[in-house]
Structure formats: structure tokens, C-alpha cells
Amino acid sequence: MSLLASLSAAHQQIERGLTALQSPALLAARLYVGWQFWKAGVLKYQSWDTTLDLFREEYQVPLLSPEAAAWLGTAGELAFPALLFVGLASRLAALGLSAVNVMAVVAYAHVLFTDGFEAAVGQHVLWGVLLAMIALWGGGRLSLDALLAGRRRTPVGAGAPQAAS
């Protein structure tokens, strides 16, 4: 076997192994990033007066009143993660949370982009990358999206649905 053939065979084996890890990695990304936003949304909801004060005094959300920004931000931090947890409308949920993530950075940029807050900015970048993965590749096979897509592709009486990625 030539060196090129050996390299090609090794590459194919590695590719198969990594491909098998895509859906578990997408599940982990959905759960991790969803949990980060869910916790923030629950905290905002539970401390609504404080949330409103923060949106009025500290956060600088452009184009929206502080009250509207608080409602929309909190709703996004609760609804989109719920969708990600089960993998339903995963791409839409990832895009929605991306908007929430960007708006959080914009609204708090006067603090985040000062010395000492590099780790906080890094978290938003990490979340953005994970959300981009989900938006680009979907929820993976371990999602309701895949289950529903498999059912849509299976003709009546054709047997078990095939898993979608």
C-alpha cells in the first residue's frame, strides 16, 4: 500500500470517528449555551424590579424602551433555550439567542470593553461560536428536529423513520 493510500485510509477512518461525534457535540453545545441564557432569564424574571432598574439605568439598549428591552431580552433568554434543550427549531433558536447575545454585548459595551472584563467578552464570543455551529449544522441527530424530519421523509407504511442530522 502506498503512503498516499495509507494516509487516505487513515483520514477516512478519522473522518468516520469525528462524524460520529457531531451529534453528541451539537447536543452538548445546545445544552451548555442554552443553560447559560436560561439561568440569566430565570434570574431576570425572578428579580423583575431589579431587571427593570438595570435596563433603565445600566444597560444601553438602542432603539427600544428599557421596558420593551427587558421584556424581549427576558423572553428570548427563556424561550430560545427551551427550544435548544429539546432540539426543536434549533437553527431558529440559535439565531434568536445570537441576537440576544449580540444585544447584550452592545447594551453593556461601556463596561465589557474596559480593562478587566476580557473574560466576560470571551464568554460571549464562546457562546456566539457555539450558536453559530448550531445555526449552521442544526440540532444534530439527538434532537426533535431530526425526529420530525425523519417522520416527514418516511412514506406511510414504509417502516421506521430514518435519523436525520
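Scroll up a little and you will see the structure.
K.L.:
Is there a simple way to think about the packing of helix 3 (residues 48-57) against helix 4 (residues 66-86) in this case?
P.N.:
The description of two helices packed together rests on the angle between their axes and the distance between the axes. Orientation of helix 3 relative to helix 4, taken along the N-to-C sense of each, is 125°, at an axis distance of 8 Å. Taken together, the axes of helix 3 and helix 4 are oblique relative to one another. Relative to helix 4, the crossing made by helix 3 is right-handed. For the pair helix 3 and helix 4, the contacting residues are W48, T51, L52, F55 and R56 in the first and P66, E67, A69, A70, W71 and T74 in the second. For the contact of helix 3 with helix 4, a count of residues per class yields seven nonpolar, two polar and two charged.

K.L.:
What is the right way to read the pattern of salt bridges from this model?
P.N.:
Side chains bearing opposite charge may pair, as long as their charged atoms lie close to each other. What the rule picks out here adds up to three salt bridges. Ionic pairing is found between D53 and R56, a salt bridge with its closest N-O pair at 3.8 Å. With a gap of three residues between them, D53 and R56 both fall in helix 3, about one helical turn apart. The class of D53 is partly exposed, set by a relative accessible area of 43%. Within this structure, D53, R56 and E67 form a network of salt bridges that share partners.

The rules behind the values
- Residues numbered from 1 in each chain as written.
- Predicted model: local features only at pLDDT ≥ 70, side-chain atom pairs only at ≥ 80, totals over all residues.
- Heavy atoms only, no water.
- Axes fitted to C-alpha atoms, helices over the stretch in contact; angles between N-to-C directions.
- Helix = DSSP H or I, 4+ residues; strand = E, 2+ residues; numbered from the N terminus.
- Parallel < 35°, antiparallel > 145°, perpendicular 65-115°, else oblique.
- Left-handed = near helix turned anticlockwise from the far one by under 90°.
- Contact = heavy atoms within 4.5 Å.
- Nonpolar A, V, L, I, M, F, W, Y, C, P; charged D, E, K, R; others polar.
- Salt bridge = Lys/Arg side-chain N within 4 Å of Asp/Glu carboxyl O.
- Buried < 20%, exposed > 50% of the residue type's maximum accessible area, 1.4 Å probe, protein only.

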